[in-house]
Structures are given as C-alpha cells and as structure tokens.
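Residues per chain are reported as follows:
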Amino acid sequence: MSIWWSLHLRREAASVPLARRFLLGTMETAGVDPDISFDLSVALSEACANAVEHGGDRTVPGAPGDSGTGRPCAESGQYRVTAYLDGEKCRIEVSDSGPGFPARRALRPAAHSHRAETDAESGRGLDLIQQLSDHVQFGNRPGRGAVVSFDKVLKWREGALLTV
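Residues numbered from 1 in each chain as written. Predicted model: local features only at pLDDT ≥ 70, side-chain atom pairs only at ≥ 80, totals over all residues. Heavy atoms only, no water.

J.: Give a detailed account of the overall build of the protein chain, specifying residues and quantitative values.
T.: On a plain count of helices and strands, the protein chain comes out with 3 helices and 8 strands. Each helix and strand of the protein chain, placed in order from N terminus to C terminus, yields the pattern β-α-α-β-β-β-β-β-α-β-β. Counting across all 164 residues of the protein chain, residues that qualify as buried make up 44%. In the protein chain, the proportion of contacts linking residues at least 24 apart, taken out of those at least 6 apart, comes to 66%. (Helix = DSSP H or I, 4+ residues; strand = E, 2+ residues; numbered from the N terminus. Buried < 20%, exposed > 50% of the residue type's maximum accessible area, 1.4 Å probe, protein only. Contact = heavy atoms within 4.5 Å.)

J.: Explain the side chain of serine 45 to me, and be specific about the residues and the numbers.
T.: Structurally, serine 45 can be placed in helix α2 (residues 34–54). For serine 45, a relative accessible area of 11% translates into the label buried. Those residues in contact with serine 45 that lie beyond four places of it in its chain are Val16 and Arg20.

J.: Summarise the nonpolar core; cite the residues concerned and give the values.
T.: Ranked by internal contacts, the top residues of the largest apolar core, which has 37 residues, are Leu40, Leu44, Tyr79, Ile92, Val94, Phe150 and Leu154. Those elements giving two or more residues to this core turn out to be β1 (2–10), α1 (15–30), α2, β4 (78–86), β5 (89–95), α3 (124–132), β7 (135–141) and β8 (145–153). Setting aside anything within four residues of it in sequence, one finds isoleucine 92 in contact with Leu23, Leu40, Leu44, Thr82, Ala83, Val148, Ser149 and Phe150. (Core = buried A, V, L, I, M, F, W, Y, C linked by side-chain atoms within 4.5 Å.)

J.: Could you give me a rundown of the side chain of threonine 82, with the residues and numbers involved?
T.: Along the polypeptide, threonine 82 turns up in strand β4. Within the structure, the side chain of threonine 82 is placed 3.1 Å from the side chain of serine 6, a separation counted as a polar contact. Dropping the residues within four chain positions of it, threonine 82 is found in contact with Trp5, Ser6, Arg91, Ile92 and Glu93. (Polar contact = N/O pair within 3.5 Å; in protein donor to acceptor, adjacent residues only side chain to side chain.)

J.: Kindly report on the pairing of β8, identifying the contributing residues and their values.
T.: β8 sits mainly inside the fold: 8 of its 9 residues count as buried. Pairing of β7 with β8 involves 7 bridges; the strand directions are antiparallel. Along β8, the bridge assignment pairs valine 136 with phenylalanine 150. Counting the residues between successive antiparallel strands, the hairpin from β7 to β8 contains 3 residues, one of them, glycine 143, with a positive phi of roughly 70°. (Pairing = 2+ DSSP bridges.)

J.: Let's hear about the environment of alanine 51: which residues, and what values?
T.: Turning to its location among the elements, alanine 51 is positioned in helix α2. Here alanine 51 falls in the buried class, since its relative accessible area comes to 2%. In contact with alanine 51, not counting residues within four places along its chain, are Arg11, Tyr79, Val94 and Asp96.

Here you go:
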C-alpha cells in the first residue's frame, strides 16, 4: 500500500505549520519512525517557508491590463506540496509560481555542503533540506516557478501499516 497527497496552499506563513502537521499526521498513521518523520517535517517546513517568501514575485508582461510593468501571475498567491509514501521511501515536492532559483542552484542535484558563511541567511533553509534528506533536487519550471524535491528512506515502527 502507498499514500500520496497534494495540497494547494496560499503563500501565507500560517500554511507552513499546516503542511508540516499534515505530513506528520500521515506518517504517524502509516507507522513511520518518529525520527525520520521529524527530519522530513523540518525539511518540508523549510521548503514551504521558501515558497511563501520567494514563490510569487513573478509577473506576466503583456497580460490584459498590463501598463508595461507586468502584473502578478494569477498563481503567485499559492504554492503546492505533494508527498508520496511508498514502500521504503518518502518523496516530497514543493512547487511555487515565483521567479525560480538562480542559475547556480537550478536544475542540479543538490550537493551536500556546509556553508562557510554561517552568518548568511540566504540558502540556509536549502542547506538544511540537504542535510535532512537522502536526495534533493532544485529546479525551475520554465515560466512557472521553482521546484524543490527531496526524499528519504523510511524506517518503520513495529506493526506499521505500510511496511515494505
């Protein structure tokens, strides 16, 4: 048996703990080890916080009513979280409608690295996602925003519903 779900959320700070609790509830019900659940929930919180902060600044030039400066994309007020629990792995994807990642991050598998500038806030959440996950990928959807996807091998509690 497997479980998957998708949430379409508003780019508001209150959506971050909602997504996190939804994931934790799913994993608790399925019987995932609490340490694994915690790691994934923190990584999800960071990805959602990025979508809330950066995920809606894209404008659509030439849209009806555009005065030459572009107007906000209709989807810029929301983002999507999708989670798949299937056998031995959980995969989570967070996508938004913002301008996307800078070229140095986009479309590359994430390399596990430790930032030299510990004072720098930019990118710290993405680094945390890398540390808490087994595999991470940052990408841009052309003209449609950024995508962060990450996965982790699951451990199960005794008597879990979804064991391999």
